[in-house]
Amino acid sequence: MSEFRLRPTAGLPARPRPCAWPCRARRLPLAAAAAVALAAAVALVLPLPARADDAQKARAEEIVQGRCFICHGMDGESSSPVFPRLTAQRASYVARQLADYKSGKRASETMQPMVVDLTEEDFAALGRYFESKPARWHEVADPQLAQVGAFVYARGNPYAGVPACASCHGKDGHGSDRLPRLAGQHAEYVEKQLGRAAQAEAAAGNPVLHAVAGKMTTLEIKAVAAYISGMP
Ligand code: HEC
Ligand code: HEC
């Protein structure tokens, strides 16, 4: 503790003072200086960022336990293909989708009431929560169909102008800060999203996926969805 009893200015940030000498900040009363020193000492003893992390995690757990788990499972491993898997999904993507459900930018009668009373901080906490859950491996229902899907995923359909999914979502389907993880997602959900994106009304909301899905045949959609469902 002795290093905190040095000068009255100990523990203050070393930035230029806005006032000229003799400046008030320079003549900081001893009590205030002691308070600063004490705060610095406390910050050293308790790792504050870790405690903020814990609080964020606890808040996310509370929300998931209170409402999300019914459909998505406690760890995001939703068992019904009607509900998307959130396990290991990108935190930034989850947070953005939740904000879009709240604002109505992404329309869902199911999801909108789930998030309407939550804040941006809650969305960030939920994103980190699901991202931290380890992905699981799932068996593919139709391996032959998935083989066709593997080609579409890696190379697209060059004869019809369908780009490779891998070029945006990554070879392993793990996504990026800007793009969702696809690996391990329910085939039915992926099919539904692609089918929806292909429709004319989706052009404004998601122009990128609209351009991709609009060129795909039913076989390509079902095949790539089957392949994605088995990606680790
Ligand atoms: C009653 C069932 C239900 C509950 C409860 C529920 N969800 Fe959902 N969730 C859905 C459905 C259905 C969709 C797909 C909606 C769509 O097509 O946009 C979805 C989509 C999502 C998505 C988008 C996933 C993606 O891959 O794009 C996220 C993120 C999400 N939910 C998180 C949550 C969170 C967090 C909660 C709790 C606050 C929650 N959900 C509660 C049914 C539910
Ligand atoms: C040019 C880049 C690009 C390519 C190529 C691409 N996507 Fe996407 N994909 C996106 C973007 C952008 C989004 C929307 C992200 C968002 O809403 O923030 C998206 C979203 C999705 C979603 C919705 C995810 C969810 O959880 O709801 C699915 C499913 C998807 N893409 C599948 C595919 C498949 C399958 C292919 C290959 C046939 C493909 N994408 C090719 C850019 C791309």
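Scroll up to find the structure.
Because the structure is predicted, anything quoted here is derived from the model rather than measured.

1. So, the overall build of the chain
- On a plain count of helices and strands, the chain comes out with 11 helices and zero strands.
- Listed N to C, the secondary structure of the chain is α-α-α-α-α-α-α-α-α-α-α in terms of helices and strands.
- Of all 232 residues assigned to the chain, the portion counted as buried reaches 26%.
- Considering only contacts in the chain between residues 6 or more positions apart, those separated by 24 or more positions represent 65%.

2. Points about the environment of T218
- Turning to its location among the elements, T218 is positioned in helix α11 (residues 218–229).
- For T218 and E191, which are 27 residues apart along the polypeptide, the C-alpha to C-alpha distance reads 9.0 Å.

3. So, the site of ligand 1
- Inspection of the region around ligand 1 gives 21 residues, with C68, C71, P84, S108 and M114 positioned closest.
- Counting residues per element, the ones that place at least two in the shell around ligand 1 are α2 (48–72), α3 (91–103) and α4 (112–115).
- The greatest single-element share of the shell around ligand 1, amounting to six residues, is contributed by α2.
- Residues that form the shell around ligand 1 fall into these classes: 15 nonpolar, four polar and two charged.

4. What to know about the site of ligand 2
- By nearness alone, 21 residues border ligand 2, and P163, C165, C168, Q193 and V208 come closest of all.
- For the shell around ligand 2, the elements supplying multiple residues, two or more each, are α3, α7 (166–169), α8 (187–198) and α10 (207–213).

5. Some points on unusual backbone geometry
- Residue A88 is not a glycine yet carries a positive backbone phi of 65°.
- Along the chain, A88 turns up in the loop between α2 and α3.

6. Brief notes about the packing of α3 against helix α5 (residues 120–131)
- Following both chains from N to C, one finds α3 and α5 inclined at 140°, their axes separated by 7 Å at the closest point. Relative to α5, α3 is oriented oblique. In this structure, α3 crosses over α5, and the sense of that crossing is right-handed. In this structure, α3 contributes A91, S92, V94, A95, L98 and A99 to the contact, and α5 contributes E120, F123, A124, L126, G127, R128, F130 and E131.
- Looking at the contact of α3 with α5, its residues break down into nine nonpolar, two polar and three charged.

Procedures and definitions
Residues numbered from 1 in each chain as written. Chains lettered and ligands numbered in written order. Predicted model: local features only at pLDDT ≥ 70, side-chain atom pairs only at ≥ 80, totals over all residues. Helix = DSSP H or I, 4+ residues; strand = E, 2+ residues; numbered from the N terminus. Buried ≥ 20, exposed ≤ 12 C-beta atoms within 10 Å, placed from the backbone. Contact = placed C-beta atoms within 7 Å. Near = placed C-beta within 6 Å. Nonpolar A, V, L, I, M, F, W, Y, C, P; charged D, E, K, R; others polar. Axes fitted to C-alpha atoms, helices over the stretch in contact; angles between N-to-C directions. Parallel < 35°, antiparallel > 145°, perpendicular 65-115°, else oblique. Left-handed = near helix turned anticlockwise from the far one by under 90°.

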